[in-house]
Amino acid sequence: MRRTAGAAVLVFAVLWLGGCTQAPGVATSSAGASGAPASDGDVVAAARAGGASQEQLAILGRGVITFVDYEAAVGRTIACMRSAGLDVVGDTPVDKRGFPEIPYSYGGAGGVSDDQAQAVGDDCITEHSKWVEMVYQTQPTTIEAIDKRFERYRAAVVACIRKNGGSITDTPSTEQADDASFDVLNKTGVDCMKEAGAR
C-alpha cells in the first residue's frame, strides 16, 4: 500500500493545531490571534520532544518556512526513505493548491511489508520534515496563497454546493467552502471543490 506523506502531515497539523476538533479543510480557526499556526516556541518544543533532527529544528527556529527550506527538509525525508529501501514517488514540486509543494508518497519495495514501510516512513518523516511540512502548509503566507487561488473558483463552488443541497454564504473563505463541499460530498457523493476545478 502506498502512503501519501504530505496529506498525513496535514492531518497531523489539523489535529495538533485544532485539538482534534477541526473540521476538514485548512487549519486556521484555532490559530492564535495573528493567524499563525502556533507560536514558534510551541512548534520547536514539540519537534524537539518528538525527535526532530537538528536541521529541522534550525529551520523551525527561523519562523516562516520558505519553499527552499521545506524542499530541503522533504528531500532529507525522501533520501532517508530511499536509503531504507522504500519506493518513493511524487518527489517533484507541483503547484496545485496555490503554493509549491512536494506530493511524495511511499511504499514497501523488495519484500518490505506495509507495516515495515509505514514504520520506516514515519521515522524518516518525524526526524527530517514532519514539523517543517506542518508549519509550511499552515502558515499565514500559505493560507493567503490558497485563498488567492480559490477566488477564481468561488462562484462555481458556491453554485455546486447550493445545487446539491448544501448551505454556504456568497463569499466563503477557502476553508468554509472546503467544509461545505465535504458536507455535500458526504451526503450526495458530489465533490464540489473537485467539480469546480478547485482541487
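You'll find the structure just up there.
This report concerns the structure included in the present document. None of these values were measured; they are calculated from a predicted model. (Residues numbered from 1 in each chain as written. Predicted model: local features only at pLDDT ≥ 70, side-chain atom pairs only at ≥ 80, totals over all residues. Heavy atoms only, no water.)

## Let's talk about the state of the cysteines
Point 1. Overall, the coordinates contain 2 disulfides when judged by the stated rule.
Point 2. The disulfide partner of Cys-80 is Cys-124, and the gap between their sulfur atoms is 2.1 Å. Measuring the twist about the S-S bond at about -70°, one finds the Cys-80-Cys-124 disulfide to be left-handed. Placement of the pair is Cys-80 in helix H4 (residues 67–83) and Cys-124 in helix H5 (residues 114–128), with a sequence separation of 44 residues. Of the two residues examined, Cys-80 and Cys-124, each falls in the buried class.
Point 3. Between the sulfur atoms of Cys-160 and its disulfide partner Cys-192 the distance amounts to 2.2 Å. Across the disulfide from Cys-160 to Cys-192, rotation about the S-S bond amounts to roughly -75°, and the bridge is consequently left-handed. In this pair, Cys-160 is assigned in helix H8 (residues 154–163) and Cys-192 in helix H10 (residues 192–195), connecting sequence segments 32 residues apart. Of the two residues, Cys-160 and Cys-192, neither departs from the other in class, the shared state being buried. (Disulfide = S-S within 2.5 Å. Helix = DSSP H or I, 4+ residues; strand = E, 2+ residues; numbered from the N terminus. Buried < 20%, exposed > 50% of the residue type's maximum accessible area, 1.4 Å probe, protein only.)

## Quick word on the side chain of Thr-77
Point 1. Note on placement: Thr-77 falls in helix H4.
Point 2. Overall, Thr-77 belongs to the buried group, its relative accessible area being 0%.
Point 3. For Thr-77, the residues in contact, after removing those within four places along its chain, are Tyr-104, Cys-124, Ile-125, His-128 and Ser-129. (Contact = heavy atoms within 4.5 Å.)

## Focus on helix H9 (residues 174–188)
Three or four residues apart is the spacing at which side chains of an α-helix point the same way, because the helix has 3.6 residues per turn.
Point 1. Here H9 contains 15 residues, and its C-alpha end-to-end distance of 20 Å stays within 8% of the 21 Å for a straight helix at 1.5 Å per residue.
Point 2. Listed as buried for H9 are Thr-174, Glu-175, Ala-177, Asp-178, Asp-179, Ala-180, Ser-181 and Val-184.
Point 3. Structurally, H9 contributes buried residues whose contacts are with helix H7 (140–150), H8 and H10.
Point 4. Taken from the residues just after H9, Gly-189 is the one with a positive phi, measuring 85°. (Expected span 1.5 Å × (residues − 1).)

## Some remarks on the nonpolar core
Proteins that are soluble and globular tend to have nonpolar side chains buried together.
Point 1. Leu-60, Ile-65, Met-81 and Tyr-104 are the most contacted members of the largest nonpolar core, which has 30 residues in total.
Point 2. When residues in this core are grouped by element, the largest group, 6 residues, is from H4.
Point 3. Every residue in contact with Met-81, bar those within four places of it in the chain, is listed here: Leu-86, Val-88, Tyr-104, Tyr-106, Gly-121, Cys-124 and Ile-125.
Point 4. With 14 residues, the next largest nonpolar core counts Phe-150, Val-157, Ala-177 and Ala-180 among its residues. (Core = buried A, V, L, I, M, F, W, Y, C linked by side-chain atoms within 4.5 Å.)

## What to know about the packing of aromatic side chains
Point 1. Under the criterion given, the structure shown has 4 aromatic pairs.
Point 2. Plain terms: the ring middles of Phe-67 and Tyr-70 are 5.8 Å apart, the flat faces sit at 40° to each other, and that makes the pair tilted. Of this pair, Phe-67 and Tyr-70 both sit in helix H4, 3 residues apart, roughly one helical turn.
Point 3. Using a relative accessible area of 22% as the deciding quantity, one classes Phe-67 as partly exposed.
Point 4. For the pair Tyr-70 and Tyr-136, a centre-to-centre distance of 4.2 Å together with 15° between the ring planes defines the contact as stacked. Of this pair, Tyr-70 sits in helix H4 while Tyr-136 sits in helix H6 (residues 130–138), placing them 66 residues apart in sequence. (Phe/Tyr/Trp six-rings, centres within 6.5 Å; stacked < 30°, edge-to-face > 60°.)

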